[in-house]
Amino acid sequence: MDFIVSVFVGTSTKPVSGTKGGNVTLTCESEDREITHISLFHQADEIPVCETEECKSENDRVFKEGSCDIIIKDLRLSDAGKYILRVYYTNDQAELERQITEYHLHIHGKVKTDQTISVCFLVFLIM
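As the structure is a prediction and not an experimental result, all values here were calculated from the model. Every chain begins its residue count from 1, and numbering advances along the sequence as written. Reporting in this predicted model follows two pLDDT cut-offs: at least 70 for local features of residues, and 80 or more for side-chain atom pairs to be given and counted; totals over whole chains, interfaces and linings ignore these cut-offs and use all residues. With hydrogens and water stripped out, all remaining heavy atoms of the structure feed into the side-chain values.

> Explanation requested: the overall build of the chain in the structure shown.
When you go through the chain residue by residue, the secondary structure sums to 0 helices and 8 strands. Counting from the amino terminus, the chain carries its helices and strands in the arrangement β-β-β-β-β-β-β-β. Think of it in three bands: residues with accessible area under 20% of the maximum for their type are buried, residues over 50% are exposed, and the middle band is partly exposed, with areas taken using a 1.4 Å probe on protein chains only. Across the 127 residues of the chain, 31% fall into the buried class. Contact between two residues is taken to exist if any of their heavy atoms lie within 4.5 Å; hydrogens are not considered. In the chain, once contacts between residues fewer than 6 apart in sequence are set aside, the share between residues at least 24 apart is 62%. All accessible areas in this document rest on Shrake-Rupley with a 1.4 Å probe, and a residue is counted as covered only by the protein chains that are shown. Accessible surface computed for the chain: about 9000 Å², of which carbon and sulfur atoms make up 52%. Helix and strand definitions follow DSSP, with helices as H or I runs of at least four residues and strands as E runs of at least two, each counted in order from the N terminus.

The structure is reproduced here in structure tokens:
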């Protein structure tokens, strides 16, 4: 009987900047691993990731490039914030491992004076 063990590899945080209307890449260092699944979250919501840029889905602005880099195109101010990328892969012993990377995306761009901007502030209490 074969067992699959889930091993937590670690979390790192990366600042990423983009321009409104442009593209940004959330880079992923996967080395030469067999990736079994990729999931991307923004503000606790899972975002569908297309396998290619030509993919047609409910969110065709987000797609995978290479083994696990994520491209977000046509950036909007609402795209700013925290993203979590989870990459699941098998190691040499056929165990399932997970690599988690956290990104903080900042969007630069002009805002019309008649637009309303809502900003969310997160307060972390350290005990």
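> Hey, could you run me through the environment of Gln43 in this one?
In this structure, Gln43 sits in the loop between strand S3 (34-42) and strand S4 (45-47). For Gln43, a relative accessible area of 48% puts it in the partly exposed group.

> Honestly, the nonpolar core in this entry has me stumped. Any pointers?
Here is a general trend for soluble globular proteins: nonpolar side chains tend to be buried in one another's company. Within the largest apolar cluster, 19 residues are counted, with the highest numbers of intra-cluster contacts made by Leu26, Leu40, Tyr83 and Leu85. Those elements that provide at least two residues to this core are strand S2 (24-26), S3, strand S6 (69-72), strand S7 (81-90) and strand S8 (96-108). The contact partners of Leu85, leaving out residues within four places of it in the chain, are Cys28, Ile38, Ser39, Leu40, Cys68, Ile70, Gln99, Ile100, Thr101 and Tyr103. Only buried residues count toward a nonpolar core. Its members are Ala, Val, Leu, Ile, Met, Phe, Trp, Tyr and Cys residues joined through side-chain atoms within 4.5 Å.

> How do you make sense of the side chain of His42 when you look at a structure like this?
With respect to the helices, strands and loops of the structure, His42 is situated in strand S3. The exposure class assigned to His42 is buried, which follows from its relative accessible area of 12%. The term polar contact refers here to a pair of N or O atoms within 3.5 Å; inside protein, the definition further demands a hydrogen-donor-capable atom paired with an acceptor-capable atom, and it admits residues adjacent in sequence only when both atoms are side-chain atoms. A distance of 3.4 Å separates the side chain of His42 from the backbone oxygen of Asp79, its partner in a polar contact. For His42, the residues in contact, after removing those within four places along its chain, are Ile47, Ser78, Asp79, Ala80, Gly81, Lys82 and Tyr83.

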